[in-house]
Amino acid sequence: MGAVTSTWTEPENTPLALLLLGQGTDPASERGVDCPGDLPAPSDPDLVARAAAAKAALGDRVFVLGHHYQRDEVIQFADVTGDSFKLAREAAARPDAEFIVFCGVHFMAESADILTGPEQKVVLPDLAAGCSMADMAVLGQVEAAWDEFTDLGIAGDVVPVTYMNSSADIKGFVGRNGGVVCTSSNAKRALTWAFEQGQKVFFLPDQHLGRNTAVLEMGFSLDDCVLYDPHKPHGGLTPEQLRDAKMILWRGHCSVHGRFTLDSVREVRERVPGVTVLVHPECRHEVVRAADQVGSTEYIIKALDNAPAGSAWAIGTELNLVRRLALAHPDKQIMFLDRTVCYCSTMNRIDLPHLVWALEELVAGRVPNQITVDADTAKYARVALDQMLALP
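Chemist: Break down the overall build of the protein for me, with residues and values.
Modeler: When you go through the protein residue by residue, the secondary structure sums to 16 helices and 14 strands. Buried residues in the protein amount to 57% of all 392 residues. Within the protein, contacts between residues at least 6 apart in sequence are counted, and of these 67% link residues at least 24 apart. With an accessible surface of roughly 16300 Å², the protein has 51% of that area assigned to carbon and sulfur atoms.

Listed below in structure tokens is the structure:
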């Protein structure tokens, strides 16, 4: 049997397919969704040898975690790959590792610091690797919203739920107020638990995951959901809207998943007959409704692992992962669900030069870019994380 050639086609950089990471803004996208910055050229081959040598010198003292959205040049040095929560759990399961090098973004490294021992040190190779979604929920704004709920007399009925993709401050707020953390895999279980505790849910920071879970998995209507915009007086809502709502959604979203549109789905169905459209639940509601399947990053990976040879798939998630899956499954037609190229620009800040620098600093006895969460915040964030782990 001859070798199977991959069917992957890289999205083109044409005037119509704009945004090869940094070449403009698409006015058709959700406001605030763009692709700033340039993706650097492939790293110098010498860096591969340097990374391997530094990692070997550290041995079992270091444990390298790589998020699925990382570029291949970084993923090759990861001891474990996964989504944000899986990686935080993997870090917690390695108590003997002195250093946890987290190739992901800031909130993920914070979660690893919360879940690991006090003697372990979590390192983020580039402190500029943040998350636009997590940054959309600022603690002061969230506390101001909660004060409004208190003034309206509804705070006692509201249970806060925050997505894993949030800062330690927000997780701490949720823990202090009797709430729970969720992932894209267990959002339904978290919301079910929350509604057993109260009559309303305050969902942070991703409006789309909250709306999609409540409406498509739990039977709520769109009218049961209201959108709280922290940049408007009273969130842009009336007291009656807040009192009547079941789901109070924070105005936040993922800058990558927010790019996928209904037109993207229609176009790929016309172009590829029989294609299965599989998207992440961080996508907009109309996109999720139009898709054939919806699921977390781990769900997407398993679905393609189990898909029959010859099947065609259009995937609505970050491009590095879609390309990696396409190359891993050359017997299937796997394509990116967008007319344009868009990486997670902050995730891509963790490149091989930054990883080499971090590892070589550790070899030299210096701890660079250590991520620490203050004790009080960590205590209450751990409460919310433990509540998630206890979900039935």
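Chemist: Describe in detail the pattern of salt bridges, supporting the description with residues and values.
Modeler: What the rule picks out here adds up to 14 salt bridges. Where glutamate 360 meets arginine 50, a salt bridge forms, and the shortest distance between an N and an O atom there is 2.8 Å. Taken as a pair, glutamate 360 in helix α15 (residues 352-363) and arginine 50 in helix α1 (residues 45-58) lie far apart in primary sequence, 310 residues in all. For glutamate 360, a relative accessible area of 28% gives the class partly exposed. Owing to a relative accessible area of 40%, arginine 50 belongs among the partly exposed residues under this scheme.

Chemist: An account of the environment of glutamate 143 is needed here, citing residue identities and associated values.
Modeler: You can see glutamate 143 is positioned in helix α6 (residues 139-152). Through-space distance from the C-alpha of glutamate 143 to that of isoleucine 170 is 9.4 Å; in sequence the pair is 27 residues apart.

Chemist: Give me the lowdown on the packing of α6 against helix α7 (residues 168-176), citing residues and values where you can.
Modeler: It is at 9 Å that the axes of α6 and α7 come closest, and there the two elements cross at 25 degrees. Of the possible angle classes, the one that applies to α6 and α7 is roughly parallel. Like other packed secondary-structure pairs, α6 and α7 cross with a definite hand, here right-handed. Only Asp169, Ile170 and Phe173 of α7 make contact with α6, whose side of the interface consists of Leu139, Val142, Glu143 and Trp146. Partitioning the contact of α6 with α7 into residue classes produces five nonpolar, no polar and two charged.

Chemist: Requested: an account of unusual backbone geometry, with residues and values cited.
Modeler: Here leucine 204 and proline 205 are connected by a cis peptide whose omega angle stands at -25 degrees. Looking at where proline 205 falls in the secondary structure, it is placed in the loop between β7 (200-204) and α9 (207-218). The backbone phi angle of histidine 234 is positive, close to 55 degrees, even though this residue is not glycine. For histidine 234, the location among the structural elements is in the loop between β8 (225-228) and α10 (239-244). In this structure, asparagine 369 is a non-glycine residue whose phi angle is positive, near 50 degrees. Positionally, asparagine 369 belongs in the loop between α15 and β14 (370-371).

Chemist: I'd like a description of the pairing of strand β13 (residues 333-336), backed by residues and values.
Modeler: Where strand β12 (residues 312-316) and β13 come together, four bridges link them in parallel fashion. The partner of alanine 314 across the bridge, within β13, is methionine 335. Between β12 and its parallel partner β13, the chain crosses via helix α14 (residues 319-328), and the hand of that crossover is right-handed.

Chemist: Report on the packing of helix α3 (residues 84-92) against helix α4 (residues 106-115), specifying residues and quantitative values.
Modeler: Where α3 contacts α4, the two axes come as close as 8 Å, and the packing angle between them is 35 degrees. As α3 runs across α4, the sense of the crossing is right-handed. Two secondary-structure elements touch here, α3 through Ser84, Ala88, Ala91 and Ala92 and α4 through Phe107, Met108, Ser111, Ala112 and Leu115.

Chemist: Would you mind going over α14 in detail, with residue names and values included?
Modeler: Burial runs high along α14: eight of the ten residues are buried. The set of residues buried in α14 consists of Leu319, Asn320, Leu321, Val322, Arg323, Arg324, Leu325 and Ala326.

Chemist: Which residues make up the sheet that holds strand β5 (residues 158-163), and what values do they have?
Modeler: Sheet strands line up and pair through hydrogen bonds in the backbone, either parallel or antiparallel. Overall, parallel pairing links the five strands, which are arranged β6-β5-β7-β9-β8 in an open sheet. The open sheet terminates on both sides in strands that have one partner only, identified here as β6 (180-182) and β8. Taken over all neighbouring pairs, the strand axes of this sheet differ in orientation by 25 degrees on average, direction set aside. In this sheet, strand β9 (residues 247-250) lies alongside β8 in parallel orientation, the contact comprising four bridges. Considered in β9, the bridge of tyrosine 228 is made with tryptophan 250. Helix-sheet contacts for α7 involve β5, β6 and β7, and the interaxial angle to β5 is about 155 degrees.

Chemist: Any details on the pairing of β9? Residues and values, ideally.
Modeler: Across a regular strand the side chains alternate sides, sitting on one face of the sheet and then on the other. Burial along β9 is two-sided: the face carrying Met247 and Leu249 and the face carrying Ile248 and Trp250 are both buried. As defined by bridge partners, β7 adjoins β9 across three bridges and the pair is classed as parallel. Pairing of phenylalanine 202 across the sheet is with isoleucine 248, part of β9. Between β8 and its parallel partner β9, the chain crosses via α10, and the hand of that crossover is right-handed.

The rules we used
- Residues numbered from 1 in each chain as written.
- Predicted model: local features only at pLDDT ≥ 70, side-chain atom pairs only at ≥ 80, totals over all residues.
- Heavy atoms only, no water.
- Helix = DSSP H or I, 4+ residues; strand = E, 2+ residues; numbered from the N terminus.
- Buried < 20%, exposed > 50% of the residue type's maximum accessible area, 1.4 Å probe, protein only.
- Contact = heavy atoms within 4.5 Å.
- Areas by Shrake-Rupley, 256 points an atom, 1.4 Å probe, with all protein chains shown as cover.
- Salt bridge = Lys/Arg side-chain N within 4 Å of Asp/Glu carboxyl O.
- Axes fitted to C-alpha atoms, helices over the stretch in contact; angles between N-to-C directions.
- Parallel < 35°, antiparallel > 145°, perpendicular 65-115°, else oblique.
- Left-handed = near helix turned anticlockwise from the far one by under 90°.
- Nonpolar A, V, L, I, M, F, W, Y, C, P; charged D, E, K, R; others polar.
- Pairing = 2+ DSSP bridges.
- Right-handed = clockwise from strand over helix to strand, strands pointing away.

On their own, these measurements won't tell you what the molecule is for.
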